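Inside the fold
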Amino acid sequence: MRALFAVSEVAPWVKTGGLGDVAAALPRALMSAGCGVRVLVPAYPAMMKACGERRALARIDSPGGRFPASTLWEAVLTDGLTLWLLESPECFSREGNPYLDAQGHQWSDNALRFGLLSRVAALLSAPGSPVDWHADVLHCNDWQSALAPAYLRYLHGDEGAASIVTIHNLAFQGIFDATECAPLGLPERALTLDGVEFHGKLSFLKGGLQCCDLVTTVSPTYASEILGPEYGCGLEGLLRYRADRVSGILNGIDTEVWDAARDPALASNYDSHSLDAKAANKLALQKELGLAPDPQRMLFGVVSRLTEQKGLDLLLEIGDALCEEGAQIALLGSGDRAMERGWRDLAARRPGGCAAVIGFDETLAHRIEAGADAFVMPSRFEPCGLNQMYSLRYGTPPVVRRTGGLADTVVDATPQALADGGANGFVFEEASAPALFDALHRAIATFGDPRTWRAIQRAGMRADFSWSGAAARYLEAYRAAVRLRET
Ligand code: ADP
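Here's what I pulled together on the structure shown here. (Residues numbered from 1 in each chain as written. Predicted model: local features only at pLDDT ≥ 70, side-chain atom pairs only at ≥ 80, totals over all residues. Heavy atoms only, no water.)

Attention now goes to the site of the ligand. In the neighbourhood of the ligand, 18 residues make up the surrounding shell, with G18, R305, K310, G359 and L386 lying closest. The side chain of D21 places a nitrogen or oxygen atom 3.0 Å from an oxygen atom of the ligand. N387 places a side-chain nitrogen or oxygen 3.1 Å from an oxygen atom of the ligand. Contact with the protein chains covers 94% of the free accessible surface of the ligand, which is 560 Å². Only α1 (18-32), β13 (299-306), β14 (328-335) and α15 (387-393) provide two or more residues apiece to the shell around the ligand. Looking at the shell around the ligand, the element that brings in the most residues is β13, giving three residues. The class makeup of the residues in the shell around the ligand is six nonpolar, seven polar and five charged. (Near = heavy atom within 4 Å. Polar contact = N/O pair within 3.5 Å; in protein donor to acceptor, adjacent residues only side chain to side chain. Areas by Shrake-Rupley, 256 points an atom, 1.4 Å probe, with all protein chains shown as cover. Helix = DSSP H or I, 4+ residues; strand = E, 2+ residues; numbered from the N terminus. Nonpolar A, V, L, I, M, F, W, Y, C, P; charged D, E, K, R; others polar.)

Right, dumping it as structure tokens:
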């Protein structure tokens with residue numbers, strides 16, 4: 001099996017969220033499972049810098065439309081992973097966030113930029129590809145590469161590789177003015193209900209979902225949630241129509257980077273047999289963030305984008321009350337300006353009780369995962385979520401809303417689940433501050449019972465979230481897509 005994995009970010013070089021992590025881990029796990037993989041990614045400055053040793057594979061002069069000429073480079077990393085870097089100075093030679101300008105607005109030429117990524121992904125997966133390596137499956141990820149299956153259909157007569165679109169987050173769809181179709185080289189007949197048209201506009205993601213052979217999303221629960229209006233983001237009709245092609249595969253996590261026993265960022269390493277050593281991490285974190293260094297006070301950790309999706313406004317609402325009760329909060333996040341301000345204000349009002357670090361800090365994220373007693377994710381929706389898996393692995397029971405991947409990974413500490421040893425965290429239903437408060441109170445009460453708390457920690461630490469299981473399921477999906485294409 002050979003797969004071309006098209007994606008718009010790859011950690012650690014370019015990462016805005018979970019997508020970058022998946023792009024770094026899944027192709028490697030697929031490789032280990034015997035799949036040939038090429039990762040097609042824009043040659044942002046950070047990618048070019050990381051891949052100093054590379055060779056030119058192809059010059060792509062005029063793939064139709066008004067795309068600038070581009071060069072495809074191949075870089076083979078030391079672990080054998082092969083990256084195909086799509087260099088187009090006009091589209092990708094800019095520093096900063098790959099999708100947003102310095103003011104936080106979408107780059108005005110995003111349709112062209114990611115249209116180019118999608119166009120080249122299709123070109124490389126179709127007969128007549130300028131490169132002598134032929135994929136059986138084109139695996140597209142989120143809207144930035146989702147237009148590729150539409151190109152395969154409308155420009156290559158569906159002659160190319162089988163195609164899969166993975167939805168990492170349905171909330172981002174790549175919707176542009178319909179007039180963008182011509183510069184993107186899409187024929188007029190593509191702009192229809194069964195093509196790329198979405199409410200009179202051009203939608204990259206909708207086009208991909210319509211034209212691909214299989215749709216996957218990053219957790220089984222999210223795969224069923226998006227078939228309904230609450231989570232479907234307007235695409236639920238199409239997804240229901242194609243429901244037999246939609247499935248969910250839970251992401252794995254990087255169990256080497258996230259290993260409390262060897263994590264160099266921690267004050268004290270530990271595993272499930274030496275959980276007492278976790279206390280030193282709490283104390284170090286309290287000191288680092290200016291929180292009262294008190295082992296008895298329950299410390300809730302948060303590492304997150306600060307957006308409506310993540311529901312941290314709900315935690316903010318009850319932040320004062322929590323601190324008054326003696327709990328502490330350590331938050332690391334960035335995003336929505338008003339929410340950043342809200343968290344800074346809470347921290348200013350509650351010195352010693354709440355610390356809010358606004359920014360992106362990989363190593364602090366590790367120290368929060370290890371130092372907090374419990375980890376909070378009150379997401380309104382969560383396609384998969386990685387942090388709850390990190391925290392389970394770090395013996396830091398997550399408090400989560402029952403949605404998407406959170407529902408698939410966290411087992412609520414009900415009396416029944418405690419009795420059978422499965423409980424590994426705390427789960428609440430309604431996206432409201434009182435429901436969250438109630439779950440946090442349950443966590444605080446359980447924290448006061450060290451034996452039960454240890455059992456919950458250990459249950460989380462036992463779970464296997466490595467990528468090898470996910471890779472096996474993706475390989476099955478690849479085979480299914482190829483079969484569908486052949487019939
Ligand atoms: P999403 O992709 O929706 O942002 P995930 O939980 O799937 O959420 O993945 C988020 C990833 O980004 C995790 O690896 C998390 O640790 C990391 N992350 C998010 N915000 C920050 C931050 N402010 N500092 C460091 N890491 C962060």
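We now examine the packing of aromatic side chains. All chains considered together, the criterion is met by 13 aromatic pairs. Arranged with centres 5.9 Å apart and planes meeting at 80°, the rings of Y44 and F92 form a pair that is edge-to-face. Note that Y44 is positioned in the loop between β2 (36-42) and α2 (45-50) and F92 in helix α3 (residues 89-92), a separation of 48 residues in sequence. A centroid spacing of 5.2 Å and a plane angle of 80° characterise the contact between F447 and W453, whose relative ring orientation is edge-to-face. Among the aromatic residues, those joined into a ring-pair cluster are Y44, F92, Y99, F114, W143, F176 and F204. The residue whose ring lies beneath R54 is W73, and the NZ or CZ to ring-centre distance is 4.9 Å. (Phe/Tyr/Trp six-rings, centres within 6.5 Å; stacked < 30°, edge-to-face > 60°. Lys NZ or Arg CZ within 6 Å of the ring centre and 35° of its normal.)

This brings us to the pattern of salt bridges. Summed over the entire model, instances satisfying the criterion amount to 23 salt bridges. R59 serves as the salt-bridge partner of D61, at 3.3 Å between the closest nitrogen and oxygen. Among the residues examined, R59 registers a relative accessible area of 52% and is labelled exposed. In this structure, the salt-bridge partner of R262 is D259, at a minimum N-O distance of 3.0 Å. (Salt bridge = Lys/Arg side-chain N within 4 Å of Asp/Glu carboxyl O. Buried < 20%, exposed > 50% of the residue type's maximum accessible area, 1.4 Å probe, protein only.)

It is worth spelling out the environment of L289 at this point. With respect to the helices, strands and loops of the structure, L289 is situated in helix α10 (residues 278-289). As a C-alpha pair, L289 and F428 span 139 residues in sequence and 28 Å in three-dimensional space. In contact with L289, not counting residues within four places along its chain, are A330, A355, V357 and L364. (Contact = heavy atoms within 4.5 Å.)

Here we take up helix α14 (residues 362-371). Within α14, seven of the ten residues are buried, leaving the element largely enclosed by the surrounding structure. Every buried residue belonging to α14 is among L364, A365, H366, I368, E369, A370 and G371, and all of these are buried. Each element contacted by the buried residues of α14 is listed here: α10, β13, β14, β15 (354-358), β16 (374-377) and α15. N-capping of α14 is provided by D361, with a side-chain oxygen placed 3.2 Å from the backbone N of T363.

Read across the open sheet, the six strands follow the order β15-β14-β13-β16-β17-β18; overall the sheet is parallel. The sheet is open, and its two edges are formed by β15 and β18 (426-428), each paired on a single side. Between one strand axis and the next, the sheet turns through 20° on average, direction left out of account. Here β13 runs beside β14; their pairing, made up of eight bridges, is parallel. When the bridges of β14 are listed, G301 appears paired with A330. Against the sheet, helix α18 (residues 433-447) makes contact with β13, β16, β17 (398-401) and β18, and its axis sits at roughly 160° relative to β18, the strand it touches most. (Pairing = 2+ DSSP bridges. Axes fitted to C-alpha atoms, helices over the stretch in contact; angles between N-to-C directions.)

With six of eight residues buried, β14 lies mostly within the body of the structure. The sheet contact formed by β14 and β15 spans five bridges and is parallel. Residue pairing in the sheet places L331 in a bridge with A356 of β15. Between the parallel elements β14 and β15, the chain passes through helix α13 (residues 337-349) in a crossover that is right-handed. (Right-handed = clockwise from strand over helix to strand, strands pointing away.)

Formed by 141 residues in total, the largest nonpolar core has its most connected members in L40 and L85. Of the residues forming this core, the biggest block, ten residues, is contributed by helix α4 (residues 110-124). Beyond its immediate sequence surroundings of up to four residues, L85 is in contact with V41, A43, M47, M48, C51, R54, T71, L72, W73 and A75. Membership of the second largest hydrophobic core comes to 36 residues, among which are M298, L322, M339 and A423. (Core = buried A, V, L, I, M, F, W, Y, C linked by side-chain atoms within 4.5 Å.)

Turning to the environment of M1, a few remarks are in order. The topology assignment puts M1 in the segment before β1 (2-6). On the basis of relative accessible area, M1 is assigned to the partly exposed category, the value being 33%. For the pair M1 and F67, spaced 66 residues apart in sequence, the C-alpha to C-alpha distance is 31 Å. Setting aside residues no more than four positions away along its own chain, M1 makes contact with C35, G36, D136, V137, L475, Y478, R479 and V482.

With that settled, the discussion passes to the sheet that holds strand β6 (residues 137-141). In spatial order, the strands read β3-β4-β5-β2-β1-β6-β7-β11-β12; together these nine strands make up an open sheet with mixed pairing. Two strands lie at the open edges of the sheet, namely β3 (55-60) and β12 (246-248), each paired on one side alone. Here the strands of the sheet are splayed against their neighbours by 25° on average, with no regard to which way each runs. Where β1 meets β2, five bridges bridge the pair, whose relative direction is parallel. Looking at β2, one finds that L4 is bridged to R38. With respect to the sheet, α1 is in contact with β1, β2 and β6, its orientation differing from that of β2 by roughly 160°. Running at roughly 135° to strand β7 (residues 162-167), helix α20 (residues 467-486) makes contact with β1, β6, β7 and β11 (214-217) of the sheet.

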